[in-house]
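# Architecture and fold: a report
Here is how the chains run, residue by residue.
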Amino acid sequence: RGLGDVYKRQDDNVGINGTTALGGLVIESAGAVRFAGAEATIYAGILTVGNTTPVAHIEFDAAVNVIGNADVNTATMTLDAVMNAGGIVTITNSGLAVLNGKITALGTIRFDGAGSITANADLQTTGSGSSIVVHDSTVTLVTDVSLTTNNGAVALDEVLDADGTHTLTVIAGTGNVTVDDNVG
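Note that the coordinates shown come from a computational prediction; the quantities given were computed from them, not determined experimentally. (Residues numbered from 1 in each chain as written. Predicted model: local features only at pLDDT ≥ 70, side-chain atom pairs only at ≥ 80, totals over all residues. Heavy atoms only, no water.)

Across the sheet, 7 strands lie side by side as 6-9-11-14-17-20-23; this open sheet has parallel pairing. The open sheet terminates on both sides in strands that have one partner only, identified here as strand 6 (42-44) and strand 23 (168-171). Direction aside, neighbouring strands of the sheet carry axes that sit 5° apart on average. In the sheet, strand 17 (residues 123-128) pairs with strand 20 (residues 145-150) via 3 bridges, with the strands oriented parallel. Each bridged residue has a counterpart across the sheet, and for Q124 the counterpart in strand 20 is T148. (Pairing = 2+ DSSP bridges. Helix = DSSP H or I, 4+ residues; strand = E, 2+ residues; numbered from the N terminus. Axes fitted to C-alpha atoms, helices over the stretch in contact; angles between N-to-C directions.)

This part covers the side chain of S131. Assignment of secondary structure puts S131 in the loop between strand 17 and strand 18 (132-134). Among the polar contacts listed, one links the side chain of S131 to the side chain of T108, at a separation of 3.3 Å. For S131, the contacting residues outside a window of four places in its chain are T108, I109, T125, T149, G152 and A153. (Polar contact = N/O pair within 3.5 Å; in protein donor to acceptor, adjacent residues only side chain to side chain. Contact = heavy atoms within 4.5 Å.)

Turning our attention to unusual backbone geometry. With phi around 65°, N151 is a residue other than glycine that occupies positive phi space. By secondary structure assignment, the location of N151 is in the loop between strand 20 and strand 21 (154-156). Look at N151 and you get partly exposed, because its relative accessible area is 36%. (Buried < 20%, exposed > 50% of the residue type's maximum accessible area, 1.4 Å probe, protein only.)

As paired strands, strand 7 (residues 47-49) and strand 10 (residues 70-79) are joined by 3 bridges and run parallel to one another. Pairing of V49 across the sheet is with V72, part of strand 10. Taken together, the 5 bridges between strand 8 (residues 55-60) and strand 10 define a ladder with parallel strand orientation. Its bridge partner being in strand 10, E59 is matched across the sheet by T78.

Evaluated as defined, the whole model comprises 1 cavity of 30 Å³ or more. By volume, the largest cavity amounts to about 100 Å³. Forming the walls of the largest cavity are 15 residues, and the residues nearest its centre are A119, L123, V139, V145 and L147. Elements with a contribution of two residues or more to the lining of the largest cavity: strand 16 (117-119), strand 18, strand 19 (138-141) and strand 20. Looking at side-chain class alone, the lining of the largest cavity contains 15 nonpolar, no polar and no charged residues. (1 Å grid on protein atoms, 1.4 Å probe; cavity = no way out; pocket = protein on both sides within 12 Å on 5 of 7 lines; lining within 4 Å. Points joined across faces, edges and corners; volume = space filled by probe spheres on them. Nonpolar A, V, L, I, M, F, W, Y, C, P; charged D, E, K, R; others polar.)

The subject of this paragraph is the confidence of the model for the chain. On average, residues of the chain score 90 in pLDDT, and 90% of them reach the 70 mark or higher. Contacts from residues 1-11, a stretch scored under 50 in pLDDT, to residues over four places away or in other chains number 27 contacts. (pLDDT = per-residue confidence, 0-100.)

Moving on: the packing of aromatic side chains. The tally for this structure, following the rule as stated, stands at 1 aromatic pair. On the numbers, 5.6 Å between centres and 0° between planes, the contact of F35 with F60 is stacked. You can see F35 sitting in strand 5 (residues 32-35) and its partner F60 sitting in strand 8, a full 25 residues away along the chain. (Phe/Tyr/Trp six-rings, centres within 6.5 Å; stacked < 30°, edge-to-face > 60°.)

So, about the nonpolar core. Counting residues in hydrophobic clusters, the biggest one holds 43 residues, and the most contacted among them are F60 and I103. The element contributing the most residues to this core is strand 10, with 4 residues. The contact partners of I103, leaving out residues within four places of it in the chain, are L79, M83, V89, I91, I109, F111, D122, L123 and Q124. (Core = buried A, V, L, I, M, F, W, Y, C linked by side-chain atoms within 4.5 Å.)

Have a look at this one:
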């Protein structure tokens, strides 16, 4: 469970055996965790990282597929492929989170750390009324980005554009949209 300061590298699928997903993948603590390469796809009932102590860094090179909730507590994170969850996605980052892959969740997508977010992909909730919430993080666009909910709220702190050429599109249906800091 606890990996100390070991750099954990996984370069093949985690949790797939035919059509059966791993019941859960829990990494209590670790220095850094990397699911490396295109074959390092995750299939799990739940995903919990940094449950006891936040990990120093986590990197996902391949798809992350979670039947239920995904909860990642880390200093920094790189998501290079899609993350799909049948429940809530919570990311607590104290440093930079780089999103190069789309996050889709049936439940709420929540960033509740103080670290910044570099957005190079979309966020989408599909469950009725599920929201997208970014508590205290500055989101910097490095491409055009869409935030889409199924009539759920979108709450953002600060949104910046890396070079002044990108568009943030928010589609919230009947959900409220709130930005409580600078945009632009």
